[in-house]
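# Commentary on secondary and tertiary structure
Each chain, letter by letter, is given below.
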Amino acid sequence: MDLPVRKKIPHAVPQWVTEGSRFFITINCAARGPNQLARAGVGDVVLAAMKHNHEKLLWHCHLCLLMPDHLHAILSFPHEPGMQTLVKNWKKYVAREHGVSWQRDFFDHRLRNHHELEEKAAYILMNPVRKGLCERAGDWAWVYRPQDRQPPAPG
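In what follows, the accompanying structure is described. (Residues numbered from 1 in each chain as written. Predicted model: local features only at pLDDT ≥ 70, side-chain atom pairs only at ≥ 80, totals over all residues. Heavy atoms only, no water.)

## Notes on the sheet that holds strand 5 (residues 143-144)
Judged by pairing direction, the sheet is antiparallel, and its five strands sit side by side in the order 4-1-3-2-5 without closing on themselves. Here the strands that pair on one side only, and so sit at the sheet edges, are strand 4 (107-110) and strand 5. Packing against the sheet, helix 1 (residues 42-55) makes contact with strand 2 (60-66), strand 3 (70-76) and strand 5, and its axis sits at approximately 170° to strand 2. Contacting strand 1 (22-28), strand 3 and strand 4, helix 2 (residues 83-98) runs over the sheet at an angle of about 35° to strand 1. (Pairing = 2+ DSSP bridges. Helix = DSSP H or I, 4+ residues; strand = E, 2+ residues; numbered from the N terminus. Contact = heavy atoms within 4.5 Å. Axes fitted to C-alpha atoms, helices over the stretch in contact; angles between N-to-C directions.)

## Digging into unusual backbone geometry
Between Glu80 and Pro81 the backbone carries a cis peptide bond, its omega angle lying at 5°. Within the secondary structure, Pro81 is located in the loop between strand 3 and helix 2. Even without a glycine there, the phi angle at Leu57 is positive, about 65°. Assignment of secondary structure puts Leu57 in the loop between helix 1 and strand 2. A positive phi is found at Asp105, a non-glycine position, where the angle reads about 75°. Following the sequence through the fold, Asp105 ends up in the loop between helix 2 and strand 4.

## Thoughts on the packing of helix 1 against helix 2
Two elements in contact, helix 1 and helix 2, have axes whose closest approach is 11 Å; the angle formed by their N-to-C orientations is 140°. One way to sum up the angle between helix 1 and helix 2 is to call them oblique. For the element pair helix 1 and helix 2, the recorded crossing hand is right-handed. From helix 1, Val45, Val46, Ala49, Met50 and Asn53 reach across to helix 2, where they touch Trp90, Tyr93, Val94 and His98. (Parallel < 35°, antiparallel > 145°, perpendicular 65-115°, else oblique. Left-handed = near helix turned anticlockwise from the far one by under 90°.)

## Overview of the pairing of strand 2
Within strand 2, six of the seven residues are buried, which leaves the element mostly enclosed by the surrounding structure. Inspection of the sheet shows strand 2 paired to strand 3 by six bridges, in the antiparallel sense. Residue pairing in the sheet places Cys64 in a bridge with Ala73 of strand 3. What sits between strand 2 and strand 3 in their antiparallel hairpin is a turn of three residues. Here two bridges tie strand 2 to strand 5, and the two strands are oriented antiparallel to one another. Looking at strand 5, one finds that Leu65 is bridged to Val143. (Buried < 20%, exposed > 50% of the residue type's maximum accessible area, 1.4 Å probe, protein only.)

## What to know about the pattern of salt bridges
All chains considered together, the criterion is met by four salt bridges. With its nearest N and O atoms 3.9 Å apart, the salt bridge here joins Glu55 to Lys51. Remark: Lys51 and Glu55 occur in helix 1; sequence separation between them is four residues, near one turn of the helix. Note on Glu55: relative accessible area 43%, which makes it partly exposed. (Salt bridge = Lys/Arg side-chain N within 4 Å of Asp/Glu carboxyl O.)

Scope: geometric values only; no functional claims are made or implied.
Below, the structure is given as C-alpha cells:
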C-alpha cells in the first residue's frame, strides 16, 4: 500500500508583508512523545541558540517556549534571507551541534494584529499548564523572552 506523501509547506513570505511582521512558529521533534527538549542540557542549548540568533539580529524573538517534544515561538524575520532559510539553518545547527532530531519543516502563521499576538502568546505560555507539566505558567523554566533579561548589577 502506498502511503500518502506529506506536502512541502511553502514558507516564502510575500513581499507585501511588512518586514518585522510577527509569526507564530511551531517546530516538532522527529520522535513525538519522549521529553527531548524540556530538560537540563538540551533545553539550555536550544534556548541559547534562539537567544544567539536574536542577539545577532538574525531574527527578533518575542517569545520561545520549549515543550518536551516541540517548541513554540513568536518571531519576526528580515526579508533576506527570510524565514525559511533562517529557521532551516537554526534547526540544522541545533541538530548538528546538540543532537536534536527535528521533523522536516515547521508550521508558521502570520499574526495580523495585536489581538492575535496576545492570543498566541497566552496560548504558548499556558501550553505546559494545559499539558499538566506545571501548575502556573510562571513556573515553567523553559522559556526565552528577551524582555525578561535582568539589568546588569550596579557597580
